Amino acid sequence: MLRFGILSTAKIGRELVVPAIQDAENCVVTAIASRDLSKARAMADRFSVPHAFGSYEDMLASDVIDAVYIPLPTSQHVEWTIKAADAGKHVLCEKPIALNASEIGALIEARDRNKVLVSEAYMVTYSPVWHKVRSLLQEGAIGKLRHVQGAFTYYNRDAGNMRNMPELGGGGLPDIGVYPTISTRFVTGKEPIRVQADTDRDPDFGTDIYSSVRADFGDFELSFYISTQLAARQVMVFHGDKGFIEVKSPFNADRYGAEELELTNQNHSQSQLFRFQDARQYKLEAEAFSRAAKGEAEEVVTLESSVNNQKLIDAIYRASEKDGWETV
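Residues numbered from 1 in each chain as written. Predicted model: local features only at pLDDT ≥ 70, side-chain atom pairs only at ≥ 80, totals over all residues. Heavy atoms only, no water.

Chemist: How would you explain the overall build of the chain if you had to name every residue and give the values?
Modeler: Helix and strand counts for the chain stand at 10 helices and 15 strands. Taken along its principal axes, the extent of the C-alpha atoms in the chain is 60 × 45 × 35 Å. Looking at the chain residue by residue over its 328 residues, the buried ones come to 57%. In the chain, 65% of the contacts between residues at least 6 apart in sequence involve partners at least 24 apart. In the form shown here, the chain has an accessible surface area of approximately 13900 Å², with 45% of it arising from carbon and sulfur atoms. The centroid of the 36 positive side-chain charges in the chain is displaced by 2 Å from the centroid of its 46 negative side-chain charges. (Helix = DSSP H or I, 4+ residues; strand = E, 2+ residues; numbered from the N terminus. Buried < 20%, exposed > 50% of the residue type's maximum accessible area, 1.4 Å probe, protein only. Contact = heavy atoms within 4.5 Å. Areas by Shrake-Rupley, 256 points an atom, 1.4 Å probe, with all protein chains shown as cover. Lys, Arg positive; Asp, Glu negative; His and termini not counted. Charge placed at Lys NZ, Arg CZ, Asp CG, Glu CD.)

Chemist: Can you tell me about the nonpolar core, naming the residues and giving the values?
Modeler: With 75 residues, the main nonpolar core has Phe-4, Trp-130, Phe-238 and Ile-245 as its most contacted residues. Ranked by residues supplied to this core, first place goes to helix H7 (residues 172–188) with seven residues. If we ignore the near neighbours within four places in the chain, the residues touching Trp-130 are Val-124, Ser-183, Phe-186, Val-187, Met-236, Phe-238, Val-247, Pro-250 and Phe-251. Judged by nonpolar contacts, the second largest core, of 28 residues, contains Ile-65, Ala-84, Cys-93 and Leu-107. (Core = buried A, V, L, I, M, F, W, Y, C linked by side-chain atoms within 4.5 Å.)

Chemist: Describe the packing of helix H1 (residues 11–23) against helix H9 (residues 281–293), with residues and values.
Modeler: At a closest axis distance of 8 Å, the pairing of H1 and H9 adopts a crossing angle of 55°. Taken together, the axis directions place H1 and H9 in an arrangement best described as oblique. Pair H1 / H9 crosses with right-handed handedness. Each of Ile-12, Leu-16, Val-17, Ala-20, Ile-21 and Asp-23 in H1 lies in contact with H9, whose residues at this interface are Tyr-282, Lys-283 and Ala-286. (Axes fitted to C-alpha atoms, helices over the stretch in contact; angles between N-to-C directions. Parallel < 35°, antiparallel > 145°, perpendicular 65-115°, else oblique. Left-handed = near helix turned anticlockwise from the far one by under 90°.)

Chemist: Describe the sheet that holds strand S13 (residues 260–265), naming the residues involved and giving the relevant values.
Modeler: Strands sit in the order S14-S13-S12-S11-S7-S10-S9-S8-S15 across an open sheet of nine strands; the sheet is mixed. Two strands close off the open sheet at either side, each with one partner strand: strand S14 (271–275) and strand S15 (326–327). In this sheet, S14 lies alongside S13 in antiparallel orientation, the contact comprising five bridges. If you follow Leu-261 over to S14, its bridge partner there is Phe-274. Against the sheet, helix H6 (residues 128–139) touches strand S11 (229–240), strand S12 (243–247), S13 and S14, its axis set at about 170° to S12. Strands in contact with helix H10 (residues 303–319) are strand S8 (194–201), strand S9 (208–216), strand S10 (221–227) and S15; relative to S8, the strand with the most contacts, it is inclined by about 65°. (Pairing = 2+ DSSP bridges.)

Chemist: Describe helix H5 (residues 104–114), and please don't skip the residues or the numbers.
Modeler: Every buried residue of H5 is listed here: Ile-104, Leu-107, Ile-108, Ala-110 and Arg-111. Burial along H5 is one-sided: seen end-on, the buried residues are contained in an arc of 160°. If you follow the buried residues of H5, they end up packed against helix H4 (77–86), strand S6 (118–121) and H10. Positive backbone phi, approximately 55°, marks Lys-115, located one or two places after H5. (Arc of directions from axis to C-beta.)

Chemist: Could you give an account of the sheet that holds strand S1 (residues 2–7), with specific residues and numbers?
Modeler: In space, the six strands of this open sheet follow the order S3-S2-S1-S4-S5-S6, with parallel pairing throughout. Since the sheet does not close on itself, it has two edges, and those belong to strand S3 (51–53) and S6, each with one partner. Direction aside, the axes of adjacent strands within the sheet are offset by 25° on average. Sheet strands in contact with H1 are S1, strand S2 (27–33), strand S4 (67–70) and strand S5 (90–94), and its direction is about 145° off that of S2.

Chemist: Go over the pairing of strand S7 (residues 145–155), please, and point to the residues and values.
Modeler: In the sheet, S7 pairs with S11 via nine bridges, with the strands oriented antiparallel. Each bridged residue has a counterpart across the sheet, and for His-147 the counterpart in S11 is His-239.

Chemist: So, the pairing of S10: which residues are in play, and what are the values?
Modeler: A large share of S10 lies buried, amounting to five of its seven residues. Pairing between S7 and S10: seven bridges, direction parallel. Counted as the bridge partner of Ala-151 is Tyr-225 from S10. Relative to S10, S9 runs antiparallel, the two being bridged by seven bridges. Its bridge partner being in S10, Ala-215 is matched across the sheet by Leu-222. Connecting S9 to the next strand, S10, in antiparallel fashion are four residues, including Gly-218 with a positive phi near 90°.

Written out as structure tokens, the structure is:
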């Protein structure tokens, strides 16, 4: 069993990732760390975790863990990923792992220097929904892919939420813009060439709250919009000359709808619905990461892929400041 330590008591860890690791077949949470020991003990007791630490450094220095899951504010991801790797721990870090593609080079160096696994936590790449989309595209189920269309929105104007704090790495593109990009890249195996974009910022917070994006992948185009101040919606559509695939709630099926996709043929005379009940993508992510950390052959998100995804996000920001295309 790969032994995980959780670096902070953040909500995503409490509600999604820690329960997933505890249910996984090949890993377990053995430690919780917080800068407040009472919070670490409370979370450890909740999940029957044997060890609690009152500092991140103490947990990293201990021999009770093999790997670290990092759900800290985005602005702290690079710093603590490097510290965990230098402590000889494998690292599963929440997305985005960095706020600029240029920062990821230091993570690659830390990974290679310490011979550990470092992976960005894109749970969608472990979901059977997205693996099915990829296989349908590879089989030619919709013919030649021409256009991908997506949306990811929610409403949040809580001034105390890190998503609305630029100093902590808040903003719509770092939080949710990364999902249409990573999922499109994952299922097509293609990289974008250039991008156009418009982005609006909140006058009080200063964070980006809306982006409309058009990305040129050469053989096809990706267009999507994201917002942190619109009614909640998620959808991804892959449109080809022989049909299209619609992923109904592509990123957070538990909150946005069923885990399913629909394949429709060219003239709408036939459609197939693929449902994936209780897919548990966070559990699948933890299990795949654990196998890879033990040296088993397993597909995980590499830091090299993270660089490419962040390059696109960086280009979207640049494109939002100009008219016309921006090279990725």
